[in-house]
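Single-letter residue listing:
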Amino acid sequence: MSPAAPVLAIDGPSGAGKGTISRAVAKMRGWHYLDSGAIYRSLAIAVARDKVSLDDERAIVQVANHLDLAFRCDDQLIVLLDGEDITDRIQSESCGNDASKIAAYGSVREALLHKQRAFQQPPGLVADGRDMGTVVFPQAEYKIFLTASSNVRAERRYKQLKGKGIDVSLKRIRSELEERDRRDTARSHAPLVKADDAVLIDTSEMTIEEVIKRVVEVVSG
Ligand code: DC
């Protein structure tokens, strides 16, 4: 880890646009990109593969300790688990929900800390997640808390899935998203919360371009 590499931490609830915005800003700046949610999602896939129960915290930590993950960033983030491309599998709602469940265990979060911190490399890092500015990179130079109403977030997610040809119901998406928000916010270990020194951006009424512009303003001072 290079202490010299600046970090832009972007936290917020599911569907606030963190991934799109983080990737765009990382590309503009030529910085590295950490999708910490993809790490939790990949762990959920590995846990299912190893037939470990989502209730078995100790066994999940073992899986986390041996997690062989590689990320490749093209236009899209490519995720390899033990060399196998799991990019598509980690996109599903059920994978996100399983990730949220195992992410509630403090010892699991602890096991994944160094993997996330290893992304802090020159010339800089855009880190996207729930606890980037509070726990993983509390010293981050720039912190943003990106949010939007649950209606807007559910609609965005719905359109995204429909666009991929996946048949889903808006009502179900909204209720799963709200349940995930509740779990991620209520957990005792590294809950989803705005860091005191983070800049709040509500993207409900903003276009992607407007959000990117605002984030770039924050980073440029
Ligand atoms: O950002 P995402 O939807 O891909 O994340 C999936 C789940 O992983 C999320 O509901 C909670 C968990 N997560 C977390 O606890 N901490 C992070 N930094 C990122 C994700």
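Everything numeric here is computed off the predicted structure, so don't read it as measured data.

Our next topic: the overall build of the protein chain. When its secondary structure is counted, the protein chain shows nine helices and eight strands. Scaling as 2.2 N^0.38, a compact globule of 221 residues should have a C-alpha radius of gyration of about 17 Å, and the protein chain matches this with 16 Å. For the protein chain, the C-alpha atoms occupy an extent of roughly 50 × 45 × 35 Å along the three principal directions. Burial statistics for the protein chain: of 221 residues in total, 48% are counted as buried. Counted over contacts in the protein chain with a minimum sequence separation of 6, partners at least 24 positions apart contribute 75%. Within the structure as shown, the protein chain displays about 10,900 Å² of accessible surface, and the carbon and sulfur contribution to it stands at 50%. When the 32 basic and 33 acidic side-chain charges of the protein chain are each reduced to a single mean position, those positions are 2 Å apart.

In this section: the sheet that holds strand β3 (residues 69–73). Overall, antiparallel pairing links the three strands, which are arranged β3-β4-β5 in an open sheet. Edge positions in the sheet fall to β3 and β5 (84–85), since each of these pairs with one other strand and no more. Relative to β5, strand β4 (residues 77–81) runs antiparallel, the two being bridged by two bridges. When the bridges of β5 are listed, Leu-80 appears paired with Asp-85. Sheet strands in contact with helix α2 (residues 36–49) are β3 and β4, and its direction is about 30 degrees off that of β4.

Moving on to the environment of Glu-141. Along the chain, Glu-141 falls in the loop between α6 (132–136) and β7 (142–147). Distance from Glu-141 to Val-7, taken between C-alpha atoms, is 5.7 Å for residues 134 residues apart in sequence. Among all residues touching Glu-141, those that are not within four sequence positions of it are Pro-6 and Val-7. A polar atom in the side chain of Glu-141 sits 3.0 Å from the backbone nitrogen of Val-7.

Parameters and conventions
- Residues numbered from 1 in each chain as written.
- Predicted model: local features only at pLDDT ≥ 70, side-chain atom pairs only at ≥ 80, totals over all residues.
- Heavy atoms only, no water.
- Helix = DSSP H or I, 4+ residues; strand = E, 2+ residues; numbered from the N terminus.
- Rg over C-alpha atoms; globule rule 2.2 N^0.38 Å.
- Buried < 20%, exposed > 50% of the residue type's maximum accessible area, 1.4 Å probe, protein only.
- Contact = heavy atoms within 4.5 Å.
- Areas by Shrake-Rupley, 256 points an atom, 1.4 Å probe, with all protein chains shown as cover.
- Lys, Arg positive; Asp, Glu negative; His and termini not counted.
- Charge placed at Lys NZ, Arg CZ, Asp CG, Glu CD.
- Pairing = 2+ DSSP bridges.
- Axes fitted to C-alpha atoms, helices over the stretch in contact; angles between N-to-C directions.
- Polar contact = N/O pair within 3.5 Å; in protein donor to acceptor, adjacent residues only side chain to side chain.

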